[in-house]
Every structure is written in C-alpha cells, then in structure tokens.
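# A structural walkthrough
This is what each chain is made of:
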Amino acid sequence: MKSFEQLRRMKQQSPLVHNMTNQVVANHVANGLLAIGASPIMAYAKEEVGPIASLASCLVLNIGTITTPIFEAMLIAGHAANEKGVPIVLDPVGVGVSRYRQKLVKTLLAELKISLIRGNAGEIAQLAKVPWQAHGVDSGTGQYSMKKMAQEVALANQSVVAISGERDWISDGKRLASVDNGHQLMTRVTGMGCLLSGVCGAFIASHQDLFESTLAAHITYGIAGEKAAMASPFPGSFKEQFMDQLFLLNEGDQQRIKASEEKI
Ligand SMILES: Nc1ncnc2c1ncn2[C@@H]1O[C@H](COP(=O)(O)OP(=O)(O)O)[C@@H](O)[C@H]1O
Ligand SMILES: Cc1ncsc1CCOP(=O)(O)O
Ligand SMILES: [Mg+2]
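As a starting point, this report considers the structure included with it.

Rules and cut-offs
- Residues numbered from 1 in each chain as written.
- Chains lettered and ligands numbered in written order.
- Predicted model: local features only at pLDDT ≥ 70, side-chain atom pairs only at ≥ 80, totals over all residues.
- Heavy atoms only, no water.
- Buried < 20%, exposed > 50% of the residue type's maximum accessible area, 1.4 Å probe, protein only.
- Helix = DSSP H or I, 4+ residues; strand = E, 2+ residues; numbered from the N terminus.
- Pairing = 2+ DSSP bridges.
- Near = heavy atom within 4 Å.
- Polar contact = N/O pair within 3.5 Å; in protein donor to acceptor, adjacent residues only side chain to side chain.
- Areas by Shrake-Rupley, 256 points an atom, 1.4 Å probe, with all protein chains shown as cover.
- Nonpolar A, V, L, I, M, F, W, Y, C, P; charged D, E, K, R; others polar.

Here we come to the pairing of strand 9 (residues 168-171). Here strand 9 shows two buried faces, one formed by Asp168 and Ile170 and the other by Trp169 and Ser171. Summarising the sheet, strand 8 (residues 160-164) and strand 9 pair through three bridges and their orientation is antiparallel. If you follow Val161 over to strand 9, its bridge partner there is Ser171. Hairpin connection of strand 8 to strand 9: three residues between the antiparallel strands.

This is the structure in structure tokens:
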C-alpha cells in the first residue's frame, strides 16, 4: 500500500476540491482540506457551479442540509463535472431519515456518473436496501455484513463505495479492503465523515486508481485521528489536534497502517 506516496503526490498537486457540502460542516471541511494540503472551494449558486465544477479537480456532493435549489445546482455541477471527466464523490448524509433525501439521492445516482459513494453504515445500508437502524446522520446499528454491503452497492452503481466506522470497508465490486485506523473520538466531532469525503476527493483527484486512492485517504485520515487522540482525550481539543495531525502526516507514519486487502 503506497498510501503515503499518494499523500505526497496529493500535496504536490494541491487539488482544487469543489464542495457542495452542508451548512453544519463547511468550515470544518475547508480547514481540514487546507491542513492536509488540498485547496477547497465551496460554491452553491446555479449560476456558477457549472464552470467551477468544470475547472475543479474533484466535485463533492453532500446532502447533509440539502434544499431543492441546492439539489438543482448539484445536478448542474454534476453534469458539468461528468462532461469534463472531473470525478464526483457523493456523501449521502442521513439518506435514511426522509423520503425526500432518498428521492434526491436516487436521482443523483441515476443522472450522474459518481466515482465514489462514501457514507457510514446506516447510509450505505439504505442504498443497499438492507434492514438497518440508522440514527439520524449517525450510523446506528444493524446485522448485515458491511463488506457485502460495500460490494453490492459498488456493483449496483458501478462506483467505488466506502463505508466508515470502527473498521472502514472499501470496495469497487471486484476488490475489497478494510481499514482499522481511526479513533472513537472521531464520532464525537461533527463533520468527521463529511471531511473524510472531501479528503477522499483530494486523493482521487491526484491518482488514477479510484480504489487505491480511496483506501489511501481512509488510512491516512484514520492515522491522523489516532495521533490526535494521543494528544487530546476530549472532543474540543481533539478537533483542533486533528487539524494539526492532518497537516503533520508524513511517511514516518507508515508503520501505523492497519489495513488489509481481501480477495473476493
Ligand atoms: N468507533 C470508531 N473507532 C475508530 N474510528 C472510527 C469509529 N467510528 C468512526 N471512525 C472513523 O471516523 C471517521 C468518520 O466516520 P463516521 O463517523 O462513520 O462518519 P460519519 O461522520 O459520516 O458518520 C472515519 O475515518 C472512521 O474510520
Ligand atoms: C449534524 C448534521 N445534520 C445535518 S448534516 C450534519 C453533519 C453530519 O456530519 P458527519 O456526517 O460528518 O457526521
Ligand atoms: Mg456522514
């Protein structure tokens, strides 16, 4: 796994990541992307999202506080990105909480070519149509195999799928990997999944292989979480430490990798 080589390449390129994210986390996502070495831009107006998505290195669509005008702008941005071959990440935040979100996500998946669908177990379970007790925007609980869910949703949508949690699962339908890096405190700060979606976008933008770059993003992000938790055991200071650790990630952290690829 050449995760840190990919991190270095990403930093060199400093990809422009166009985020159409939610109101809760926009600042957190922009700061995290800057800390790790990417270049964020947030833009939502239908009049400008097409040109911005066309010149970006990646487009991230996050439905966390979606409204109909933003949804319509996402379609414009998405079509522009697809036309130029700009990869799209979809974070279906809380897709299980309302029929409205389900309908919007269905349309996004039908109309756009999405490179990566990244969400927690509750969100991906909703897309997989398997029983799950999601808890608002949090993952909740369920019995269905996460690795099966990742594979199935990847095959159904012809995209890479990443499910986050204590163990992350990444699949493109043919390959499957798990990542055990990360720390429980990451669930005590809002926007940690949303920022991960942005970071995945930055890695994908800088590498040819979607599966490998998604894996590298999860590994490095999880390691930053572990290092931040060593320095601060409480959510407020953890959040600040986490930003610092995104900035400090380097090849010396290689030995912290806890990930494996499985044959399927
Ligand atoms: N229990 C946990 N232990 C370790 N890391 C976790 C745990 N839960 C989530 N993470 C990490 O936190 C990050 C955000 O994941 P998650 O909380 O599932 O996303 P979301 O905020 O979208 O629900 C990921 O990097 C994931 O690996
Ligand atoms: C709390 C909340 N409500 C709507 S979006 C949002 C943020 C979700 O962030 P994350 O999925 O990264 O935990
Ligand atoms: Mg989330």
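What follows concerns the site of ligand 2. In the vicinity of ligand 2, the contacting residues are Asn22, Val24, Val25, Gly64, Val137, Thr190, Gly191, Met192, Gly193 and Cys194. A distance of 2.9 Å separates an oxygen atom of ligand 2 from a polar backbone atom of Gly193. One nitrogen or oxygen atom from the main chain of Cys194 is found 2.8 Å from an oxygen atom belonging to ligand 2. Contact with the protein chains removes 78% of the 370 Å² of surface that ligand 2 exposes when unbound. Looking at the shell around ligand 2 residue by residue, the class counts come to five nonpolar, five polar and no charged.

Before going further, it helps to examine helix 6 (residues 121-128). Within helix 6, seven of the eight residues are buried, which leaves the element mostly enclosed by the surrounding structure. The N-cap residue of helix 6 is Asn120: its side-chain oxygen and the backbone nitrogen of Gly122 are 3.1 Å apart. Once helix 6 finishes, Lys129 follows within two positions and takes phi at roughly 60°, a positive value.

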